[in-house]
Amino acid sequence: MTDFKQRVFSGVQPSGNLTLGNYLGAIKNWVGLQDKYETIFCVVDLHAITTWQEPDVLRNATREVAAGMIASGVDPKKSIIFNQSQVPAHAELAWIFNCVARMGWLNRMTQFKEKAGKHKERASVGLYVYPDLMAADILAYLATHVPVGADQKQHLELTRDIAQKFNSDYGVDFFPEVEPLIFGAATRVMSLRDGTAKMSKSDPSENSRINLTDDRDLIAKKIRKARTDSEPLPGSVEALENRAEAKNLVNIFAALSNRDASDICIEYEGKGFADFKNDLADLSVSVLGPITEEMSRMMDDTAYLDGILREGAVNANRMASPILDQVHEIVGFLRP
Ligand code: TRP
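Just so you know, these numbers come straight off a predicted model, no measurement behind them.

So, how was this worked out
Residues numbered from 1 in each chain as written. Predicted model: local features only at pLDDT ≥ 70, side-chain atom pairs only at ≥ 80, totals over all residues. Heavy atoms only, no water. Helix = DSSP H or I, 4+ residues; strand = E, 2+ residues; numbered from the N terminus. Rg over C-alpha atoms; globule rule 2.2 N^0.38 Å. Buried < 20%, exposed > 50% of the residue type's maximum accessible area, 1.4 Å probe, protein only. Contact = heavy atoms within 4.5 Å. Lys, Arg positive; Asp, Glu negative; His and termini not counted. Charge placed at Lys NZ, Arg CZ, Asp CG, Glu CD. Axes fitted to C-alpha atoms, helices over the stretch in contact; angles between N-to-C directions. Parallel < 35°, antiparallel > 145°, perpendicular 65-115°, else oblique. Left-handed = near helix turned anticlockwise from the far one by under 90°. Nonpolar A, V, L, I, M, F, W, Y, C, P; charged D, E, K, R; others polar.

Another aspect to go through is the overall build of the protein. The helix and strand tally for the protein stands at 14 helices and five strands. In terms of overall dimensions, the protein is globule-like: its C-alpha atoms have a radius of gyration of 21 Å, near the 20 Å expected for 336 residues. In terms of principal-axis extent, the alpha carbons of the protein reach across some 75 × 45 × 45 Å. Buried residues in the protein amount to 49% of all 336 residues. Of the contacts made within the protein by residues no fewer than 6 positions apart, 76% connect residues no fewer than 24 positions apart. Of the charged side chains in the protein, 38 are positive and 46 negative; the average position of the first set lies 3 Å away from that of the second.

Quick look at the structure:
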């Protein structure tokens, strides 16, 4: 078959605002995959409620993530875009995977340890089995390629372990081996206040992140306020190694302009951060401005967005249902 396309699945949580980190680390990279792969992009609302979400805020954030994807160039005509809770296969397969995965495997997950913090006993059970649901997201479609940031690599390894154990427990060759698609260095966008912490929607400081709901002035202001050190920019990427904030800004510049970080260093060698940040502010505004404006237009037309999600869910369900039927058959669930 010449027109066979491999299948990509990825997801973003609708918890809090979409940030520059979501854009550069995930969504932007999805756009180019749409012609090469069959692509399924999911707003993972079931994952979001592993920590408490205000219902109205969750509804809004779900639309916002969908709008962010579409405004960034994810095309509903090329990709399936939907929210996870509309397709029952995710939760159903996750239950089966809860029975395949081992406690010992989940105990090793560093993201759970980070998110649960000191009070492990008070974390939701859902947060603990979060990776099982993520495995279900991917494998409900027999997807083979998953674009993720470095922080999700361990979850993807677990997905492979679950697929393998399922196959060997049931003596089948059913679930595929999933491959990560990891993008360039700048995919890990750090906080504008602390170059050693990931840019996060949960950081209490608004100035630590750029939200895709920020307008042009606010974007420029946050870039100009970003923390740096007092040295001028170096001529090479290697010299940024112990300068976390400087490195982060160079990486953001590189990712937004589709250039190499080393290229940026050569251009700005010896210059101070005031000049660099002015240029970065202009660049950020010119790239993000049209996206944030399109997003805000779409957020005013919820009927359009909801229609896309509904149609996406119908298509996703059509793909996942027969796969789930086969899983039921393999596991021995009776369908009289
Ligand atoms: N856990 C991912 C994150 O926080 C989101 C996610 C959920 C996901 N299901 C997925 C990513 C499936 C890739 C594939 O970034």
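Next comes the rest of the description.
Moving on to unusual backbone geometry. Positioned with a positive phi, L142 is a non-glycine residue whose angle comes to about 50 degrees. One can find L142 in the loop between helix 8 (130-139) and strand 4 (145-147). One non-glycine residue, N258, lies in the positive phi region at around 55 degrees. Tracing the backbone shows N258 in the loop between helix 11 (244-257) and helix 12 (261-268). Taking relative accessible area as the criterion, N258 reaches 59% and is therefore assigned exposed.

A separate point is the packing of helix 10 (residues 216-225) against helix 13 (residues 273-299). Two elements in contact, helix 10 and helix 13, have axes whose closest approach is 8 Å; the angle formed by their N-to-C orientations is 150 degrees. One way to sum up the angle between helix 10 and helix 13 is to call them roughly antiparallel. Helix-helix and strand crossings are classified by hand; for helix 10 and helix 13 the assignment is right-handed. Here helix 10 contributes R216, I219, A220, I223, R224 and K225 to the contact with helix 13, which in turn contributes K277, N278, L280, A281, D282, S284, V285, L288, G289, P290, T292 and E293. Of the residues that constitute the contact of helix 10 with helix 13, the class distribution is eight nonpolar, four polar and six charged.

All quantities given are derived from atomic positions and should not be read as evidence of function.
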